[in-house]
Every structure is written in C-alpha cells, then in structure tokens.
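# Chains, contacts and geometry: an overview
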Amino acid sequence: MNIKLSHKDIGRLLDRSARQVDGGTLEALHAARRHALLRQRSSTPLWIGLDGVLFGHQQLSRRAFGWLIAAAVATLLLINLGSWYHASEHNHGDIDIAILTDEMPVDVYID
Amino acid sequence: MRIRPLLLIFALSLASLPASAQPWEKLTAQQQDVLSPFANSWDSLLEKEQHNLLGIAKRYPKLAPQKQQRLREQLDKWSKLTPEQRRRAREKYKAFSKVPAEKREEVKKMVREQHPSQTGSEVPPATPSP
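Summarised in this report is the structure supplied together with it.

Cut-offs and rules
- Within each chain, residues carry numbers counting from 1 in the order of the written sequence.
- Chains and ligands are labelled sequentially in the order written, the chains with letters from A and the ligands with numbers from 1.
- Selection of residues for local features in this predicted model requires a pLDDT of at least 70, selection of side-chain atom pairs for listing and counting requires 80 or more, and totals for whole chains, interfaces and linings are taken over all residues.
- Heavy atoms throughout the structure, all of them, feed into the side-chain values; hydrogens and water do not.
- Numbering of helices and strands runs from the N terminus; a helix is a DSSP stretch of H or I covering at least four residues, while a strand is a stretch of E covering at least two.
- Classification of residues uses two cut-offs on accessible area relative to the type maximum, computed with a 1.4 Å probe and protein chains only: under 20% is buried, over 50% is exposed, and between them is partly exposed.
- Should any heavy atoms of two residues lie within 4.5 Å, those residues are counted as being in contact.
- The accessible surface values rely on the Shrake-Rupley method and a 1.4 Å probe; as for residues, cover is taken only from the protein chains in view.
- To obtain each axis, a line is fitted to C-alpha atoms, and for helices this fit is confined to the stretch in contact; angles are then taken between N-to-C directions over 0 to 180 degrees.
- Each angle is binned into one of four classes, with values under 35 degrees roughly parallel, values over 145 roughly antiparallel, values of 65 to 115 roughly perpendicular, and all other values oblique.
- Polar here means any residue other than Ala, Val, Leu, Ile, Met, Phe, Trp, Tyr, Cys and Pro, which are nonpolar, and Asp, Glu, Lys and Arg, which are charged; Gly is therefore polar.
- Stacked, edge-to-face and tilted labels apply to pairs of Phe, Tyr and Trp rings (six-membered ring for Trp) whose centres lie within 6.5 Å, assigned for plane angles under 30 degrees, over 60, and everything in between, in that order.
- Multiply 1.5 Å by the residue count of a helix minus one, and that product is the helix's expected span.
- Working note: the arc is built from the helix axis to C-beta atom directions.

For the rest of this paragraph, the subject is the overall build of chain A. What chain A contains, in helices and strands, is 4 helices and 0 strands. Its helices and strands in sequence order give chain A the pattern α-α-α-α, from N to C terminus. Within chain A, the proportion of its 111 residues that are buried is 22%. For chain A, the proportion of contacts with a sequence separation of at least 24, taken over those separated by at least 6, is 0%. In the structure as shown, chain A presents an accessible area of about 8,400 Å², 61% of it carried by carbon and sulfur atoms.

Here it is, written out as structure tokens:
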C-alpha cells in the first residue's frame, strides 16, 4: 500500500495519537519538554549590564563577567600600546622644534 | 575577581585611546595663532603631521621670546614644504647634528655669509631633547 500523506495529514495523525496517549506518559513528555527548554542555551545576542545581567535569558556569574571585562581591558591595553608605539615612531615634535628654532634657515635642509 | 578596579582600568583605557585628527575649527585660538601658516592646508594634513604640529603649538609658550620669533619665521617656510621634504629635512638635521661642533660652526658661518638675512644669529643653538 502506497499512501501519500501531506504535512497536514501527518500533523493531524500525530495530534490524534497524542490524544490517545495515557495521562502518565503525557505528563512525562511535558516534563521532558520543560526540562529540555530549561537547559536550552539562549541564542539571543549577549548584552551585558553593569551587574552582569544578560539582557536575554541568562545571567553571567560574577567570575565570568570579571573575565569578560579583563579580556576587554587587555584588548584595549594592547590597542593603546600599539598606538603609542606607532605615535612615538612618528613623533618628530622635538626635532621639528629644534629645526624651526635653529639659527640655520630651514632652506639649508631642503634639497 | 573584583570587578570595580577592572571597570576603572577599562574606562581609563578608553580615555587614553589616541585622539583622531581634528578639524582646524576645533583648534584653540592659541593653536590657530601659532599654526596659522597651516590654516589652509591643515585639514589635508596627515594625522601624524597634525599631531606633530599640535605638539609644537603646545610647547610654543614655554620657548624663549627669541625662539618663539624664530619659530614663527621658519614655520611659514615649513608649511610650504611637502611631507617628503619635511622628512628629508629632519634626516639632514639629524645627520648635521652628528657632525663635530667645529665643522658645524664652519658650515653655519658659511651659511651666515651667504644668507645673512635668513639666519637667526641671535638665537642660541637648539638641540633636540632626548
């Protein structure tokens, strides 16, 4: 026998089967579903408040929040260090002042 | 792990991020006065050039009056150079600073004779600070 069932037909059959399940089994299935939902990780974006509360469904522990801030600080420090190195490499302020206040005219240093 | 000190460091790190290029209109009156030769070209300068010039404007009030005058005279010419010419001028100045003092004085004497109006003979020689 080859019966083709549509999605609606399958849904209806499943509903009917579910109605025939006894109360105990139904309750066990409900409990399993609730448990699964509780354990499910939230896929919402993480927005963190100052108290470590995620605007979503979860809350970070203070320790995890601390690590997160430490990582951000370390990243910023690295960026600052890089910028400082770059700036000091190109900082000609001292030499410019020396040239501009020297008795020799600037022209003599130009080709 | 204590969070408050970390938050403080975080805020300080943000505050210490290098300032980006700023438009001429945002400069203070003192900065605009010292850097007036760059008024027209300021916005097209590279960020590092602006940074250098702002450093000069910052240190300008601490210079002796003679040096302030000399700097103003030279800054006008300096503003007309290309970044590449300024770079080469710095290199030459550094190289010239390494020449023995006697030789340097000879060269200066020669320049004074050739360009008497352009030399700031009353300005004491300046050396780049470390």
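Now, onward.
Close contact between helix H4 (residues 93-100) of chain A and helix H4 (residues 65-79) of chain B brings their axes to 8 Å; oriented N to C, the two are set at 105°. What the angle tells us is that H4(A) and H4(B) run roughly perpendicular. Residues A:Asp96, A:Ile99 and A:Leu100 of H4(A) touch H4(B), and the partners they reach there are B:Arg70, B:Leu71, B:Gln74, B:Leu75 and B:Trp78. Across the contact of H4(A) with H4(B), the residue classes tally to 5 nonpolar, 1 polar and 2 charged.

Take the packing of aromatic side chains next. Enumeration according to the criterion identifies 3 aromatic pairs over all chains in this entry. Following the ring pairs from residue to residue traces out a cluster consisting of A:Tyr109, B:Tyr93 and B:Phe96.

Let us look at the packing of H4(A) against helix H5 (residues 83-97) of chain B. For the pair H4(A) and H5(B), the least separation of the axes is 10 Å and the interaxial angle reads 75°. Comparing the axis directions of H4(A) and H5(B) gives the class roughly perpendicular. Of the residues in H5(B), those in contact with A:Ile95, A:Asp96, A:Ala98 and A:Ile99 of H4(A) are B:Ala89, B:Arg90, B:Tyr93 and B:Lys94. Its residues assigned to classes, the contact of H4(A) with H5(B) shows 5 nonpolar, no polar and 3 charged.

This part takes up H5(B). Here H5(B) contains 15 residues, and its C-alpha end-to-end distance of 21 Å stays within 8% of the 21 Å for a straight helix at 1.5 Å per residue. Residues B:Arg86, B:Ala89, B:Arg90, B:Tyr93 and B:Phe96 constitute the buried set of H5(B). On an axial view of H5(B), the arc spanned by its buried residues comes to 130°, and they lie on one face. Buried residues along H5(B) sit against H4 of chain A together with helix H3 (47-59), H4 and helix H6 (101-114) of chain B.

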